[in-house]
Amino acid sequence: MTTLTVLVLLGFVLIASLLVYLTVRNAAQWRQKLDDILLPIGFAPVASPSERATLEQALSIVNTAHRGKRLLKFVYRRAESRGPSVTYVCDYYFGSGSGKARGGTWLLVCLISEALRLPRFSVHTLPESAGPTNRRLFRLLAQTREMPGLHRIPIGDAALEERFMVYAQDKHAALPLQGDLLHSLGNSAGGSSLDAGGNTLVLSNIGMMADRIRQVLDPHKLQAQIHLAGRIFTTVTA
């Protein structure tokens, strides 16, 4: 083996080591950001494999068009007095079938309670900050995206139709959320989407996903999502 070959191999090793180091460091920094926000308001990290597996199954209602791998990373829980219910905050990864590529990292807020008896439905919110042109693009993408097992249902309000697309398992179903809750979804963290079914409701947010990629975590946005999950639960179980 020539000296040049050895130097090239050493270079590759150094680059690989640096990438691993940066990945570990970024993960540690992100975990610390989550700790700083969530621990003071009563959340605790989830280490139980069985609880993580149960949550992973519940989250399968999110982005049902995705056929690749899904992975939970950091997970936090808080038991709530209402319901009773449990609120989770978690990093959720979407990857390719081979697992070699990632299709996105979402920060999700999930509330699970046996008091919920929800039909399967999904509400996609078009971000208001996107502007009319970009909203039309978002709408076009949403309309062409496959939603396995769900049918788009009318909202019955022209203004709400501009910002929300609602899907349900039963194509003849009534609107599962009233207008005030739809407005709350639209106002929370710049526009949040909801997936629900059975004992589970899950909130996601495109803006927070973009922040996540940049390693930015806005505590106000996250706490708004947590509060909204509780409000939806209180309303639908009243």
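Up top is the structure.
Here the structure is a predicted model, which is why all the values come from computation and not from measurement.

**Quick look at the side chain of serine 188**
Now for step 1: Along the polypeptide, serine 188 turns up in the loop between helix 5 (179-187) and strand 8 (192-198).
Now for step 2: Setting aside chain neighbours within four positions, we find serine 188 in contact with Asn205, Ala224, Gln225 and Leu228.

**Some words on unusual backbone geometry**
Now for step 1: Residue glutamine 215 is not a glycine yet carries a positive backbone phi of 60°.
Now for step 2: Along the chain, glutamine 215 turns up in the loop between helix 6 (206-213) and helix 7 (219-236).
Now for step 3: Residue class for glutamine 215 comes out partly exposed when judged on its relative accessible area of 21%.

**With respect to the pairing of strand 2 (residues 70-80)**
Now for step 1: In this structure, strand 1 (residues 44-45) lies alongside strand 2, joined through two bridges in antiparallel fashion. Within strand 2, the position partnered with alanine 44 by the bridge is arginine 77.
Now for step 2: Where strand 2 lies against strand 3 (residues 85-95), nine bridges are found, and the strand directions are antiparallel. Across the sheet, arginine 77 pairs through a bridge with tyrosine 88, a residue of strand 3.

**Details of the pattern of salt bridges**
Now for step 1: Per the stated rule, a full pass over the model turns up seven salt bridges.
Now for step 2: The shortest N-O distance in the salt bridge between aspartate 211 and arginine 214 comes to 2.6 Å.
Now for step 3: For aspartate 211, a relative accessible area of 8% puts it in the buried group.
Now for step 4: Within the structure, one salt-bridge network assembled from shared partners comprises Asp211, Arg214 and Lys221.

Parameters and conventions
- Residues numbered from 1 in each chain as written.
- Predicted model: local features only at pLDDT ≥ 70, side-chain atom pairs only at ≥ 80, totals over all residues.
- Heavy atoms only, no water.
- Helix = DSSP H or I, 4+ residues; strand = E, 2+ residues; numbered from the N terminus.
- Contact = heavy atoms within 4.5 Å.
- Buried < 20%, exposed > 50% of the residue type's maximum accessible area, 1.4 Å probe, protein only.
- Pairing = 2+ DSSP bridges.
- Salt bridge = Lys/Arg side-chain N within 4 Å of Asp/Glu carboxyl O.

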